[in-house]
Every structure is written in structure tokens, then in C-alpha cells.
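Secondary and tertiary structure notes
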Amino acid sequence: MTAMDLYHDDVRAPRQTASPLVLGTMGWGTDGERPVRAAAALDAALAAGVTVLDTADIYGDGDSERAVGAALAGLAPQVRDGLRVQTKCGIVLPGTRPPGAAPGTCPAPTTRYDSSPHHLKASLAASLERLGTDRVDTLLIHRPDVLTPVEDTVRAFLDEREAGRVERLGVSNLPWERAQRFHTALRSLSADGTGLDCVQVELGLHHRALVEAAVLANHDDAVPTSGAATLPQWCADEGIALQAWGPLGQGRYTRRTTDEARNPEQDAAVVVEEIAERLGQPGEAVVLGWLRRLPWDVRPVVGTMDPGRIAACSRADDAAAALDHSDWYRLLTAARGVPLP
Ligand SMILES: NC(=O)c1ccc[n+]([C@@H]2O[C@H](COP(=O)([O-])OP(=O)(O)OC[C@H]3O[C@@H](n4cnc5c(N)ncnc54)[C@H](OP(=O)(O)O)[C@@H]3O)[C@@H](O)[C@H]2O)c1
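The text that follows walks through the structure, step by step, so that each part is easy to find. (Residues numbered from 1 in each chain as written. Predicted model: local features only at pLDDT ≥ 70, side-chain atom pairs only at ≥ 80, totals over all residues. Heavy atoms only, no water.)

Counting buried residues in helix 11 (residues 283–292) gives ten out of ten residues, a clear majority hidden from the surface. Residues of helix 11 that are buried include every one of Gly 283, Glu 284, Ala 285, Val 286, Val 287, Leu 288, Gly 289, Trp 290, Leu 291 and Arg 292, and no others. (Buried < 20%, exposed > 50% of the residue type's maximum accessible area, 1.4 Å probe, protein only. Helix = DSSP H or I, 4+ residues; strand = E, 2+ residues; numbered from the N terminus.)

The immediate surroundings of the ligand are formed by 27 residues, with Asp 54, Gln 250, Gly 303, Thr 304 and Arg 309 found nearest. In this structure, Tyr 59 approaches the ligand through a side-chain N or O atom, which is 3.2 Å from a nitrogen atom. Out of a free accessible area of 920 Å², the ligand has 84% covered by protein chains. Its residues assigned to classes, the shell around the ligand shows eight nonpolar, 13 polar and six charged. (Near = heavy atom within 4 Å. Polar contact = N/O pair within 3.5 Å; in protein donor to acceptor, adjacent residues only side chain to side chain. Areas by Shrake-Rupley, 256 points an atom, 1.4 Å probe, with all protein chains shown as cover. Nonpolar A, V, L, I, M, F, W, Y, C, P; charged D, E, K, R; others polar.)

So, on to the packing of aromatic side chains. How two aromatic rings sit relative to each other is set out by the distance from centre to centre and by the angle between their planes. Throughout the structure, instances matching the rule amount to three aromatic pairs. Both rings, one in Trp 176 and one in Trp 234, keep their centres 6.4 Å apart while their planes meet at 85 degrees; by these two values the pair is edge-to-face. Here Trp 176 is found in helix 7 (residues 176–189), whereas its partner Trp 234 is found in helix 9 (residues 231–238), with 58 residues between them in sequence. Among the residues examined, Trp 176 registers a relative accessible area of 22% and is labelled partly exposed. The class for Trp 234 is buried, based on a relative accessible area of 10%. Taking the centre distance of 5.0 Å and the plane angle of 80 degrees together, the rings of Trp 328 and Tyr 329 count as edge-to-face. Looking at Trp 328, the relative accessible area reads 8%, which means it is buried. Judged by relative accessible area, which is 33%, Tyr 329 ranks as partly exposed. Site record: aromatic cluster; members linked through ring pairs are Trp 290, Trp 328 and Tyr 329. (Phe/Tyr/Trp six-rings, centres within 6.5 Å; stacked < 30°, edge-to-face > 60°.)

Right, dumping it as C-alpha cells:
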């Protein structure tokens, strides 16, 4: 038995299995029709076997977390227990006062990134309150804070874990070197040697930098990756879940358009539609299947609230299995708008 088995099976409550599809909740909120739409989205996600919900302290200035908390409160305990909730901290948006700020503190004048121990602890406490829970499964560092040493953030996270308020650590939008440093620091400073749970990056047909880094190496067409080119394979090698945010490209490739103007996105949408028809799969499944076909076990974090679209997304693995080599490269080429060299 490994330390990981012991940690998950004996010492603490067994971990729920993380589904390949993650339900993003950036659009959730507590006003108007949104709670009803959120409940319907959650129902559809549960029916599709989704076990991971993704939120963040800054989504809707905390309202996404409130809506997630309200939706979870409506579930039967055994259903709730089957879900993992991940939230994020580390961004302070302009016009907001960070949690734990002294009374009278002025709102932030600009966006800044803050992974300091004080901010992590205050932000997590505020997130737990909004979520109506005393513990989240994973806390992600949303963006890199170059002013805070990684080890300081990791120690603060471990304090919170020791207090039972969070189980795992994840990171988002980081260069590979910083993600690796988090993983190494966590493994060496934690008692059980557990490393990062997940790394979240923007990835999809519309945002292909990490894929193109693998396909277009040693060529002028290769797009910059801000130091993340080696992240996907490294995550796969280390057993860290690679989560892709924005995987549907906000609907670019599955939205019917009446616009006559030709552009690569519309051309790619036509290719998605053709392949979807041939495979007998929804377009969303083809778009996500393109990601799932990669050898990195990419976990799409889908932001749709539409129950039908969530059901369509859940067929991504069927589409991935049916996509042949030629389909995959055809989709890449259509999204690029220019042939591969
Ligand atoms: N780590 C980060 O920095 C970061 C950043 C952004 C987001 N995220 C996470 O990733 C999740 C997903 O991000 P995302 O929402 O940008 O990505 P997405 O899943 O690519 O896009 C979802 C959005 O596109 C719309 N959409 C999809 N297909 C459509 C279609 N055929 N026609 C019309 N509209 C369509 C959805 O509307 P409907 O609801 O109507 O379907 C929804 O507003 C977020 O919820 C959040 O949890 C993380």
C-alpha cells in the first residue's frame, strides 16, 4: 500500500473519484433566474456522472460560491458526499476589498495577484462561509504572485489542511517552473508527501498554444506559451489532473451563425458539424473529444448552464474514441485557419 492509498482510504474520508468532466460555475449567481438555472445545470451534471464542481472567490464577487453552496444544500447527503468542490484564491480585482482587510482599507485600485499566507487564509475562510461548508476538497492558486515565495503559500495551505478546512492544493495559469515548484514544495513539506491535485489552464480548439507547442516545435508558427509548454506532459507523468478551462471556446464552434463573413472560427464550426454528423455525436462532444483525444488525460471544465449542452458534453469520451487521426488534425487545421507546415 502506498502513502497515497493510506491517505485517501484510511486516514481521512475516502476521496470521491474525480470525473473527467468538471462543471464550471463562473456564470452561477443568486439573483433572478440564475438559482433555477444552476439547479438544472447541477441536475444535468449529476445525471452525466460529473463529480467535480469548480468555482472561485472572485466569480461574481463571491456570488458563484453562494450559488454553489445553495445548490449543494438542496442535495440529499449521499449525493452531496459524492461531489468534490474546488475553489480558487489569489486574485484581487479592482474596486474590491480583499477578505480580512482592516476596516477602512481602500478598494484595490488595480488587479493584483496575492498568494500571501494572510490572503490565502482570509480568502479560504470567506469562501467556506459563502459555500456554507467547513471544508473544500481543493483550493487552487488562481494566478502566479511573483512577490510571494511558493513555500510560504504552501505552508499556509498546509496549516489550513491541518485544520481540516481543505484537502488538496491546485494551481492555475502558472508557468511550468512555478507549478513544478509548488508540487515539489508540497511533497517535501507535507507529512504524507502528497503533491498537487490539479493544474488548470485555458485549453481548447480556440486556445491551442499548449497543443501547438507540441506540434509546431522548431517552427516559426509555434505560438508563445508563457513558459507552460511542458506542463501537459509533466502533469500526465506526475499524475496531476490537467484541467482545461474555456474548453468549449464559449460556443464558437457549436453556435449556429447567420454571419456570411468567412473566418477560421466559422470554417472550424463547419468542420465540427460535419464530423459530429458523421459520428452521430453532438458538436460539443466533438469539441471536447478533440481535447480528450490528447495523451494527457485533459479534464474539460465546462461553463455551460444549459442542461442539454451538459448532456452533450458528457459524450466527449465517445466522440474522442470515434475521432480518427485524420479528424483530429483536420480540426486542428480548421481552428488554426492555416495548414500545418
Ligand atoms: N482558472 C481560470 O483562470 C479560469 C478562467 C475562466 C474560467 N474558469 C473556469 O472554467 C469554466 C468554463 O469557462 P468558460 O465558461 O469560459 O468556458 P466554456 O465552457 O468554453 O464556455 C461556456 C460558455 O459558453 C456558452 N456556450 C457554449 N456553447 C454555446 C453555444 N453552442 N451557443 C451559445 N452559447 C454557448 C455557455 O452558455 P450556456 O450556459 O447558454 O450554454 C457559457 O456561457 C468556468 O465556469 C470556470 O469554472 C477558470
